[in-house]
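# Analysis of the macromolecular model
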Amino acid sequence: MAERIFDAASAADVLARLRGQVPRVHCLTNPVAQAFTANVLLALGAVPSMTVSVEEVASFAASADGLLVNLGMLEPERRAAIPLAIAGAKGAGKPVVLDPVFVQRSPARCAMARDLLAGGVSLLKSNKEEMAALFPEGGGRQILDEQQTVLVTTGAEDEVSLAGRGVRLGNGDPLMARVTATGCALGAVLAACLAVEPDHMVAAAAGVSLFNIAAELAVQECRGPGSLVPALLDALYRLRSEDIHTHLIASASGQETDRRTL
Amino acid sequence: MAERIFDAASAADVLARLRGQVPRVHCLTNPVAQAFTANVLLALGAVPSMTVSVEEVASFAASADGLLVNLGMLEPERRAAIPLAIAGAKGAGKPVVLDPVFVQRSPARCAMARDLLAGGVSLLKSNKEEMAALFPEGGGRQILDEQQTVLVTTGAEDEVSLAGRGVRLGNGDPLMARVTATGCALGAVLAACLAVEPDHMVAAAAGVSLFNIAAELAVQECRGPGSLVPALLDALYRLRSEDIHTHLIASASGQETDRRTL
Amino acid sequence: MAERIFDAASAADVLARLRGQVPRVHCLTNPVAQAFTANVLLALGAVPSMTVSVEEVASFAASADGLLVNLGMLEPERRAAIPLAIAGAKGAGKPVVLDPVFVQRSPARCAMARDLLAGGVSLLKSNKEEMAALFPEGGGRQILDEQQTVLVTTGAEDEVSLAGRGVRLGNGDPLMARVTATGCALGAVLAACLAVEPDHMVAAAAGVSLFNIAAELAVQECRGPGSLVPALLDALYRLRSEDIHTHLIASASGQETDRRTL
């Protein structure tokens, strides 16, 4: 099952295309995450742009190859810029990734995230707490299938799913949680992968795996969360196809498969 | 004298409680300091949140375990958010740390800092220039005693004082001044310590000492201010009770003691 | 030719004065670049300030020794602060460096950059794409000579020119492009150098060379763009006169010289 959807060869292929095509990713992300996110994209072979200005954001998003919308901190100007950027990206046929950071803590962010999902995004990346806030008792989740939105659920194990197909991904390291904005930066990696791989489910699984395999390699080189940051960026820069083949942990998502067979 | 107020055992105890309780610290801090501050808290075992949005900040601050208010750069939205956040934190009985960055250079910040002190904060962290601007020729300092505000005066030697009791702390390294936002990050460490230690003077002395001992250990591992950053975060993450017992430099503050005996 | 304008001894002299005079540089720069820019200045021996608040920025800029105006991201508050800061700096006789980031992508930034050049700045730092947007088919470039604005054109090779005099600089490493905000941080280094060296052409050539020689030394120590960041800051901190004498690549700009002989 999983082999047909996603395997090491498809992840390595996405990595090669990232480096070959050098996609530009426009990131509307929170101030804490901006510099690290930019460096993650550059290390991987993509190019970031970051403006939040309402005058500029639509044209930056339209001319980029992918858009990240991260709701962390959600300053007023970014809130105003988000619909303009999404309209620019979608009008140009570019993928949009939504990261609804901490919606369980902010009714305003949660309402905005639901509006954005109803309008249609390419990918929703969220953890279990954010999912529970967006879809209380699972209600409303059908919007994802209706809009062909790939869902990336992060946790100790990550899961990528769309319309009942699913892949479970087992890479990563708990030390990543001791570095701010690693999850936010992953959102930008996902946007970069969707920019170069039209099968968004493969793109999403590749993005999660590339990032988390680089993290595993980096953890072996570091002495704590401080040295993990440069080591992770170096590992993303140096990541080889062989690393993916050696380290990838992926399997078909039985749960999702079961859900489909209901 | 000092032994009764603060010693290595009490600093080690605060460190153990930080790691056991994982306090959340809401940080209203300047943009330059945000990412580094978040990483310092995560390395030490606390959890940062950072939103400045006026719609969100009161609830974030109220549900956090401590609040940092840093006046560096002081953008309009942060200025508007500060009173809301302080009201949220104080309403929920949570400690508030004030860092009046560069008040000697900005009359607007100085006026705001005085208002915040008059309203009552748990801890004021400032260097000698900032103190001189806040309390010209010492005038108005009685507000600290009236509000039971712990004073942390930073410098080549640091001093923690409250109502005539005082501790002098001798750890740290001059190379820290070559890294931006180390003082700002210390403010967040202090808020984390106050969140887990009800004796705010012990908490403050512990926070200063943990941070500065980690800095000393990091300086031994680094080649300059660039490699000091990851080394400091690693040292905060790896800091052990033995390190504190080996390295702590603390003594009763004679000056403050003398002042009390007047 | 070039020896009279700029050589290793003059670059080493600028470095010595930076460390001796500890100039303060006020930076109006984009949020992604702020923390790294501050750390670059501190590593080199200068002191950054960064406030963007319209209430504060004129007095911060006037009391600083140099001003950097970077148009990246250009949030509304920074846009409002820029003319106030420039007026403050110029009123106090301090140099102003303009970095017109991505003007080719934003008509609003391009219009602002042209206005600032017409008002007179000490130095314009831009790459070829930005130059082409500012001066389509070279039109309008005479404003630089009229205002005695030093032009630093960055690229695989960098060029510093003023009124027909020119120096070509060959240091640097392509890996720098894999780290966000290296170009933005160079703008701040240039402002620091102009603050201590009244011959702005020598100052500019020194700033470019110091930064890029440090980058070359750092690349030898690092494993990728992640470890390049701490290595670069360490190299700026440790940079010695001998390093400059050993590594500097500079020559008279034949093109510019030819233009002068017309």
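Below or above, wherever it landed, is the structure these notes cover. Everything quoted here is computed from the prediction, not taken from an experiment.

### Quick word on the sheet that holds strand β3 (residues 66-70) of chain C
Residue and element names in this part refer to chain C.
- Pairing is mixed across the open sheet formed by nine strands, whose spatial order is β2-β1-β3-β4-β5-β6-β7-β8-β9. A single partner strand is all that each edge strand has here, and the edge strands are β2 (47-49) and β9 (250-252). In this sheet, adjacent strand axes meet at a mean angle of 20° when their direction is disregarded.
- The sheet contacts of helix α9 (residues 182-196) involve β1 (24-28), β3, β4 (96-99), β5 (123-127) and β6 (150-154), and relative to β3 the element is tilted by about 155°.

### Section: the pattern of salt bridges
Residue and element names in this part refer to chain A.
- The tally for this structure, following the rule as stated, stands at 33 salt bridges over all chains.
- Between D99 and K125 there is a salt bridge, with the nearest N and O atoms lying 3.3 Å from each other. Here the residue D99 occupies a position in strand β4 (residues 96-99), and K125 occupies one in strand β5 (residues 123-127), the gap between them amounting to 26 residues.
- Exposure remark for D99: the relative accessible area of 2% places this residue in the buried category.
- Among the ionic pairs, D243 bridges to R240, the shortest N-O distance being 3.0 Å.
- For D243, a relative accessible area of 10% translates into the label buried.

### Looking at the environment of A12 of chain C
Residues and elements named next belong to chain C.
- Of note, A12 is situated in helix α2 (residues 8-21).
- Judged by its relative accessible area of 12%, A12 is buried.
- Between the C-alpha atoms of A12 and L210, which are 198 residues apart in sequence, the distance is 8.4 Å.
- Beyond its immediate sequence surroundings of up to four residues, A12 is in contact with S241, I244 and H245.

### Focus: the relation of the copies chain C and chain B
- Here chain C sits on chain B after a turn of 120° about the axis and a move of 0.0 Å along it, with an RMSD of 0.0 Å. Such a turn and shift between the copies fits a three-fold axis. Taking C-alpha positions as reference, the residue of chain C nearest the rotation axis is P31 of chain C, located at 4.1 Å.

### Some words on the interface of chain C and chain B
- Facing 24 residues of chain C, the contacting portion of chain B comprises 21 residues.
- Between chain C and chain B, the buried area comes to about 1900 Å², and carbon and sulfur atoms account for 52% of it.
- The tally of links between chain C and chain B comes to two salt bridges.
- As a salt-bridge pair, R109 of chain B and E56 of chain C come within 2.7 Å of each other at their nearest N and O atoms.
- At the boundary of chain C with chain B, the tally comes to 13 residue pairs in polar contact (both at pLDDT 80 or more).
- Contributing elements (two or more residues each) for the side of chain C that touches chain B: α3 (31-44), α4 (57-63) and α11 (225-238) of chain C.

Calculation criteria
Residues numbered from 1 in each chain as written. Chains lettered and ligands numbered in written order. Predicted model: local features only at pLDDT ≥ 70, side-chain atom pairs only at ≥ 80, totals over all residues. Heavy atoms only, no water. Pairing = 2+ DSSP bridges. Helix = DSSP H or I, 4+ residues; strand = E, 2+ residues; numbered from the N terminus. Axes fitted to C-alpha atoms, helices over the stretch in contact; angles between N-to-C directions. Contact = heavy atoms within 4.5 Å. Salt bridge = Lys/Arg side-chain N within 4 Å of Asp/Glu carboxyl O. Buried < 20%, exposed > 50% of the residue type's maximum accessible area, 1.4 Å probe, protein only. Least-squares fit on C-alpha atoms with pLDDT ≥ 70 in both. Buried area = accessible area lost by both parts, 1.4 Å probe. Polar contact = N/O pair within 3.5 Å; in protein donor to acceptor, adjacent residues only side chain to side chain.

Honestly, that's just the spatial picture; any functional story needs more than this.
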